[in-house]
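Descriptive analysis of the structure
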Amino acid sequence: MKIKDKYIFLAYGDSITKGIVYDNERSRYSILKENFTNIIENNIKGSVYNAGKFGNTIRRGMSKMYNDVIKKSPDIVLIEFGGNDCDYKWDDIAKNSHVEYEPNTDITTFRETLLNMIETLKDNQIFPMLMTLPPLDPLKYFKWITKGDSFAEQNILHWLGTKERLFTWHNSYSKMIANVAKETNTALIDVRTEFLKYSDYTRLLCKDGIHPNINGQSLIANVILKFIKENYNFLLQN
């Protein structure tokens, strides 16, 4: 990476990148002003662009990459995908748990698309950084997807086997991100490990059990800034 006076840092991903949190008072999702990209912008030499989108999957991200990323001519792109990719259509499973279902993006396609994304960035002289996934809370998330419906609870649990499978399945995508980072010699910011250092990490998550709350977003920002300080200190303001 070239030493410059100013850099364009772009965060590319889903609702976690966007800074979406669940507002308990208003019972709806909203964008948190103190999200991790805004915190980073106060510390980086240059500007930070948030290209996160609610519901984004890696395939959609890849298909929109030219307009959302390349055209902005960033120096660095932080990639955060996986949470929607590993997810299932829970409403369908709630109705019928006796058939096979595929995740939004199977893990092989997820890996191939992530590799393609990294290669595209490098071909355009853009420095990629990967981020592991903040862990979900399986109990909170199970409650969220079943919406308090006992029939849905019964069917989804029958299909899952155990609620803990929500955690391990989500973790498999995070592990894939780490594997791809190692394979391609791409910078990796391990957010997940930092969350799991807290035995009560669930307090860093919203009511839905998957979106980091204001404290979770703050932790993500701190982990990214610590990583940059230790490895690419020249990116930070004095």
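In the block above lies the structure referred to throughout.
Described below are features of the structure shown in this document. None of the values given here were measured: they were computed from a predicted structure.

Overall, parallel pairing links the five strands, which are arranged β4-β1-β5-β6-β7 in an open sheet. Whereas interior strands pair on both sides, the edge strands pair on one side only; in this sheet they are β4 (46–52) and β7 (187–189). Neighbour-to-neighbour, the strand axes of the sheet open up by a mean angle of 20 degrees, direction not taken into account. As defined by bridge partners, strand β5 (residues 76–80) adjoins strand β6 (residues 127–131) across four bridges and the pair is classed as parallel. Across the sheet, Ile76 pairs through a bridge with Phe127, a residue of β6. Contacts from helix α9 (residues 164–184) reach β6 and β7 within the one sheet, and its direction differs from that of β6 by about 150 degrees.

Between its first and last C-alpha, helix α11 (residues 214–231) extends 26 Å over 18 residues, near the 26 Å set by a 1.5 Å rise per residue. Within α11 the residues assigned to the buried category are Gly216, Gln217, Leu219, Ile220, Ala221, Val223, Ile224, Leu225, Phe227 and Ile228. The backbone nitrogen of Asn215 lies 3.0 Å from a side-chain oxygen of the residue at the head of α11, namely Asn213.

Okay, the packing of aromatic side chains next. Counted under the stated rule, the structure contains 16 aromatic pairs. Aromatic side chains Tyr29 and Trp144 sit 6.1 Å apart centroid to centroid with 70 degrees between the ring planes, which places their arrangement in the edge-to-face category. Here Trp144 lies in helix α7 (residues 138–146) and Tyr29 lies in strand β3 (residues 28–31), a separation of 115 residues in the sequence. Clustering of aromatic rings is evident, with ring pairs tying together Tyr88, Trp90, Tyr101, Phe110, Trp159, Trp169 and Tyr173. One Lys or Arg, Arg165, reaches over the ring of Trp169 and ends 6.0 Å from the middle of that ring. Looking at Arg192, its charged tip hangs above the ring of Phe167, at a distance of 5.2 Å from the centre.

Definitions and limits used
Numbering of residues begins from 1 in every chain and follows the order in which that chain's sequence is written. Only residues with pLDDT of at least 70 are given local features in this predicted model, and only at 80 or more are side-chain atom pairs given and counted; all residues enter the totals for whole chains, interfaces and linings. The basis for every side-chain value is the complete set of heavy atoms in the structure, and neither hydrogens nor water enter the calculation. When DSSP finds two or more bridges between two strands, those strands count as paired. Under the DSSP-based scheme used, a helix requires at least four consecutive residues in state H or I and a strand at least two consecutive residues in state E, with every element numbered from the N terminus. Geometry is summarised by axes, namely lines fitted to C-alpha atoms with helices restricted to the contacting stretch, and by angles between N-to-C directions that run from 0 to 180 degrees. Here, two residues are considered to be in contact whenever any of their heavy atoms come within 4.5 Å of each other. Under the convention used throughout, the expected extent of a helix is 1.5 Å for every residue step, that is, one less than its residue count. Burial status follows relative accessibility: with a 1.4 Å probe on protein chains alone, a residue under 20% of its type maximum counts as buried, one over 50% as exposed, and anything between as partly exposed. Definition of a polar contact: a pair of N or O atoms within 3.5 Å, with one able to donate and the other able to accept a hydrogen when the atoms are protein atoms, and with sequence-neighbouring residues admitted only if both atoms are side-chain atoms. Whether two aromatic rings pair depends on their centres lying within 6.5 Å, for rings of Phe, Tyr and Trp, where Trp uses its six-membered ring; planes under 30 degrees apart make the pair stacked, over 60 edge-to-face, and the rest tilted. By definition here, charges over rings are those cases where NZ of Lys or CZ of Arg is within 6 Å of the ring centre and within 35 degrees of the ring normal.

Geometry only, nothing functional implied.
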